[in-house]
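Structure at a glance
Residues per chain are reported as follows:
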Amino acid sequence: MIAARPVRRPSGLREGRLGPGLLFTLVLVLAGLPVARLLAQALGGMDGAMALLLAPASLEAAWHSIESALFSTLLAMLLGGGMAVLLGLSDLPQRRAIGILFVLSMLIAPQVTALAFTVMAGPASPLLNALGLAPAAGTPNPLIGRGGVVLVLGLHHAPLVTILLLAGLKTIPDELAEAASLGGAGTGAILRRIVLPLLYPQIIAAMLLAFVAGFGNFGIPALLGMPAGYLTLPTLIFRRLVGSGAEVIDEAAILSMLMAILVLVPAGAAAAVLASTATRRSSERPLRRFWRLGPWRPAASAAAWAVVGIVLFLPLCSLLASALAPTYGARLTLNSATLGHFAEVLWRQDVTVRAFRNSFAFAGGAALVLALVAVPLAHALDRAPGRVRGFLLPLVELPYALPGIVLAIACILLFVKPLPLLGISIYATPWIILFAYAARFLPIVLKAPLAAMAQLERAQEEAAAVDGAGPWARLRHVVLPALWPAMAAGGLLAFLLAFNELTVSALLWTAGTETLGVVLFSLEEAGLVSEASAVALSATAVVALLVVVIDRLGDRLPEGTLPWRF
């Protein structure tokens, strides 16, 4: 008789401590060390902290950050909330196409959106000139300054509100609306008495996250606010560091900690609200679209397409007109249109060609490394004890929740001196950008594998363990085949966000390591608007291509992984 082989149950840290230990150390290095270094620097410079925080420039920048975030949040809530109602509750025609295009507008980099609106609204606008609608020469650009910052921030973050509210609508049981309808309640009554009360948590969370996104944004205030002297906290820190260098690093650290506190409080509150609703309600039959628009369908469809046109097509058309015009401000006609600016930035100018190459290398390198560790890390986190997971998961999210400018300063502080024991420094090298990208986009890569891991039955691993498979064999033959689509999608999403990134690289680049975001910003500041538009459109084309590739994996991913699928 053959004795039964003892079953080795996969139980996280108890089995094979080395692997999870190394992975968790990686999380601590990527997410914990930069923030800890920033905190230490800020605490060490507390002597002059109050004087700095109460200085007129700091107070004014803080107020600008708060007011632009508040008013843009209101706009995002109105626009994004309205779209969520139409897309989630009504029989709006072409709803899927409208929803996808609306959400995709959020994937265009903020500085690209800001450049597009700047180019579009000024008296030299090629688009308005071609249509004969341009303001008189010498007229100030109406989008430069506070109003433009608020408007473009609100338009850019409206899809974020829509995504959160649509997710919230799916948690409302359809039985409630059905019972109310059978009881004679009309559409308005169901909206007021059932949908809105149950959607309050998601509404609050959407407001908080839209505020956080607006407060920490750098690209839009940099292009629309700085030319008018309208400085927010991120642009104030950027201007001081660029102007004075490392001499003001202590001031930057203190202002960064102020930003971190002002961002993490609402972000934490939003996460807590969403977590509480996720555990409180579940429905086997999510809310159906009960609102019949009837004769209002054409008008509602026209309004929805108009919104998509404003947030997506109008900026792209503006950039295209600017890139095709022979010179910025010249009238664009079929005869005068030229592809010369595309040829200039894609083949002739060393700095733009190098920026494309660098962005591909930094975004691709970070995405590849993170994708390779995503599956074992997701497996280790899923199998880890609750207290370990409860500590590490918020830590992973921290670098992405912080404004990019704060993470950049934390990385400068961490690497400005040679590394202990090794005696080498990665400051002012490409490696610091790669490290910052890896820290910032780790939660993006990890999201899909974690969701897929939660759906993977442990019985499969236990069966493999019965057959004698060790931890590595189970990971390779059981976990990896189930999680590779999520791993690929997570890596591609990280590449998509990192490719056009500006906020982090704006403070970390040096000669030879320019990224696309940095070059676009520099071209716009130098008045080379047509070249900047060509760079922006070319980068956006890469993003659009990636979206198509990622979408093809959508059917094999857990629900909610891709923001444009709802």
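What this report covers is the structure whose coordinates are included nearby. (Residues numbered from 1 in each chain as written. Predicted model: local features only at pLDDT ≥ 70, side-chain atom pairs only at ≥ 80, totals over all residues. Heavy atoms only, no water.)

Turning to the overall build of the chain, a few remarks are in order. Secondary structure summary: the chain contains 23 helices and 0 strands in total. The C-alpha radius of gyration computed for the chain amounts to 25 Å, which stays within 12% of the reference 24 Å derived for 566 residues, consistent with globular compactness. Projected onto its principal axes, the C-alpha coordinates of the chain cover approximately 95 × 75 × 50 Å. Considering the chain as a whole, with its 566 residues, one finds that 53% of them fall into the buried category. The contacts of the chain with a sequence gap of at least 6 include a subset with a gap of at least 24, amounting to 80%. (Helix = DSSP H or I, 4+ residues; strand = E, 2+ residues; numbered from the N terminus. Rg over C-alpha atoms; globule rule 2.2 N^0.38 Å. Buried < 20%, exposed > 50% of the residue type's maximum accessible area, 1.4 Å probe, protein only. Contact = heavy atoms within 4.5 Å.)

What follows covers the layout of surface pockets. Taken as a whole, the second largest pocket encloses approximately 540 Å³ of empty space. Looking at the lining of the second largest pocket, the elements with two or more residues in it are helix 1 (18–44), helix 11 (233–244), helix 12 (249–280), helix 17 (404–415), helix 21 (505–508) and helix 22 (516–525). Considered class by class, the residues forming the lining of the second largest pocket number 18 nonpolar, 4 polar and 4 charged. (1 Å grid on protein atoms, 1.4 Å probe; cavity = no way out; pocket = protein on both sides within 12 Å on 5 of 7 lines; lining within 4 Å. Points joined across faces, edges and corners; volume = space filled by probe spheres on them. Nonpolar A, V, L, I, M, F, W, Y, C, P; charged D, E, K, R; others polar.)

This part is about the side chain of Arg440. Within the secondary structure, Arg440 is located in helix 18 (residues 430–455). Buried within the structure, Arg440 lacks any salt-bridge partner; Glu501 is the closest side chain of opposite charge, at an N-O distance of 5.1 Å. Among all residues touching Arg440, those that are not within four sequence positions of it are Pro399, Tyr400, Leu402, Pro403, Gly404, Leu407 and Val504. (Lys, Arg positive; Asp, Glu negative; His and termini not counted. Salt bridge = Lys/Arg side-chain N within 4 Å of Asp/Glu carboxyl O.)

Tallied over the full model, the rule gives 10 salt bridges. Across the salt bridge formed by Glu178 and Arg288, the nearest N and O atoms sit 3.2 Å from each other. Remark: Arg288 occurs in the loop between helix 12 and helix 13 (297–324) and Glu178 occurs in helix 8 (residues 174–182); sequence separation between them is 110 residues. Between Glu461 and Arg474 there is a salt bridge, and its shortest N-O distance comes to 3.9 Å. With a gap of 13 residues between them, Glu461 in helix 19 (residues 458–466) and Arg474 in helix 20 (residues 471–499) connect regions that are remote in the sequence. Residues participating in the shared-partner salt-bridge network are Asp382, Arg383, Glu461 and Arg474.

Turning to the packing of aromatic side chains, a few remarks are in order. Throughout the structure, instances matching the rule amount to 11 aromatic pairs. By the ring-pair criterion, three or more aromatic residues cluster together here, those being Phe362, Tyr400, Tyr437 and Phe441. (Phe/Tyr/Trp six-rings, centres within 6.5 Å; stacked < 30°, edge-to-face > 60°.)

Let's shift gears to a nonpolar patch on the surface. On the surface, Leu39, Leu43 and Met46 cluster together into a nonpolar patch covering about 290 Å² of accessible area. As for its placement among the helices and strands, Leu43 is situated in helix 1. Leu43 gets classed as exposed once you look at its relative accessible area, which sits at 55%. (Patch = residues over 30% accessible without salt bridge, like charges linked within 9 Å, V, L, I, M, F, W, Y side chains within 5 Å. Areas by Shrake-Rupley, 256 points an atom, 1.4 Å probe, with all protein chains shown as cover.)

All right, on to empty space enclosed by the protein then. This structure, assessed with the given rule, holds 1 cavity of 30 Å³ or more. For the lining of the largest cavity, the secondary structure elements donating two or more residues are helix 5 (110–121) and helix 7 (146–169).

Attention now moves to unusual backbone geometry. In most cases, non-glycine residues show a negative phi, while peptide bonds are predominantly trans. A positive phi angle is found at Gln94, which is not glycine, with a value near 55°. Within the secondary structure layout, Gln94 lies in the loop between helix 3 (56–89) and helix 4 (95–104). For Ala428, which is not glycine, the phi torsion reads 65° and is therefore positive. Mapped onto the elements, Ala428 comes out in the loop between helix 17 and helix 18. On the basis of relative accessibility, which here comes to 39%, the residue Ala428 falls in the partly exposed class.

Moving on, we get to the nonpolar core. Grouped together as the largest cluster of nonpolar side chains are 187 residues, with contacts concentrated most on Val195 and Ile409. Of the residues forming this core, the biggest block, 16 residues, is contributed by helix 18. Those residues in contact with Ile409 that lie beyond four places of it in its chain are Leu38, Ile237, Leu241, Ile249, Ala252, Ala253, Ser256 and Leu507. (Core = buried A, V, L, I, M, F, W, Y, C linked by side-chain atoms within 4.5 Å.)

Remark: helix 3 packs on helix 4, axes separated minimally by 10 Å, with the N-to-C direction vectors making an angle of 150°. Here helix 3 and helix 4 pass one another in a crossing that is left-handed. Facing helix 3, whose interface residues are Met83, Leu86 and Leu87, helix 4 presents Arg95, Ile98, Gly99 and Phe102. Taken together, the residues of the contact of helix 3 with helix 4 sort by class into 5 nonpolar, 1 polar and 1 charged. (Axes fitted to C-alpha atoms, helices over the stretch in contact; angles between N-to-C directions. Left-handed = near helix turned anticlockwise from the far one by under 90°.)

Our next topic: the packing of helix 14 (residues 340–348) against helix 23 (residues 529–552). Close contact between helix 14 and helix 23 brings their axes to 9 Å; oriented N to C, the two are set at 70°. Considered as vectors, helix 14 and helix 23 are oriented roughly perpendicular to each other. Each of His341, Phe342, Val345 and Leu346 in helix 14 lies in contact with helix 23, whose residues at this interface are Ser530, Glu531, Ala534, Val535, Leu537 and Ser538. Looking at the contact of helix 14 with helix 23, its residues break down into 6 nonpolar, 3 polar and 1 charged. (Parallel < 35°, antiparallel > 145°, perpendicular 65-115°, else oblique.)

Before going further, it helps to examine helix 17. Helix length check: helix 17, at 12 residues, gives a terminal C-alpha distance of 17 Å against a target of 16 Å (1.5 Å per residue), a fit within 8%. With respect to burial, helix 17 is a largely interior element, 12 of its 12 residues being buried. (Expected span 1.5 Å × (residues − 1).)

Let us now look at helix 8. Buried within helix 8 are the following residues: Asp174, Ala177 and Ala180. Burial along helix 8 is one-sided: seen end-on, the buried residues are contained in an arc of 130°. The inward-facing, buried residues of helix 8 abut helix 9 (187–216). Just beyond helix 8, the residue with positive phi is Gly184, at close to 100°. (Arc of directions from axis to C-beta.)

Mapped onto the fold, Ser533 is located in helix 23. Its relative accessible area of 0% is what places Ser533 among the buried residues. Separated by 217 residues in sequence, Ser533 and Leu316 have C-alpha atoms that sit 9.4 Å apart.

In this section: the environment of Leu497. Note on placement: Leu497 falls in helix 20. When the C-alpha positions of Leu497 and Val547 are compared, they lie 11 Å apart, and in sequence the two are 50 residues distant. Excluding residues that lie within four positions of it along the chain, Leu497 makes contacts with Tyr400, Phe441 and Ile444.

With that out of the way, let us pick up the side chain of Thr232. Relative to the helices and strands, Thr232 is located in the loop between helix 10 (219–225) and helix 11. Setting aside chain neighbours within four positions, we find Thr232 in contact with Ala61, His64, Ser65, Ser68 and Pro221.

A few words now on the environment of Leu59. Looking at the secondary structure, you find Leu59 in helix 3. Of the residues examined, Leu59 reaches a relative accessible area of 45% and is grouped as partly exposed. Sequence spacing of Leu59 and Leu475 is 416 residues, and the spatial spacing of their C-alpha atoms is 53 Å.

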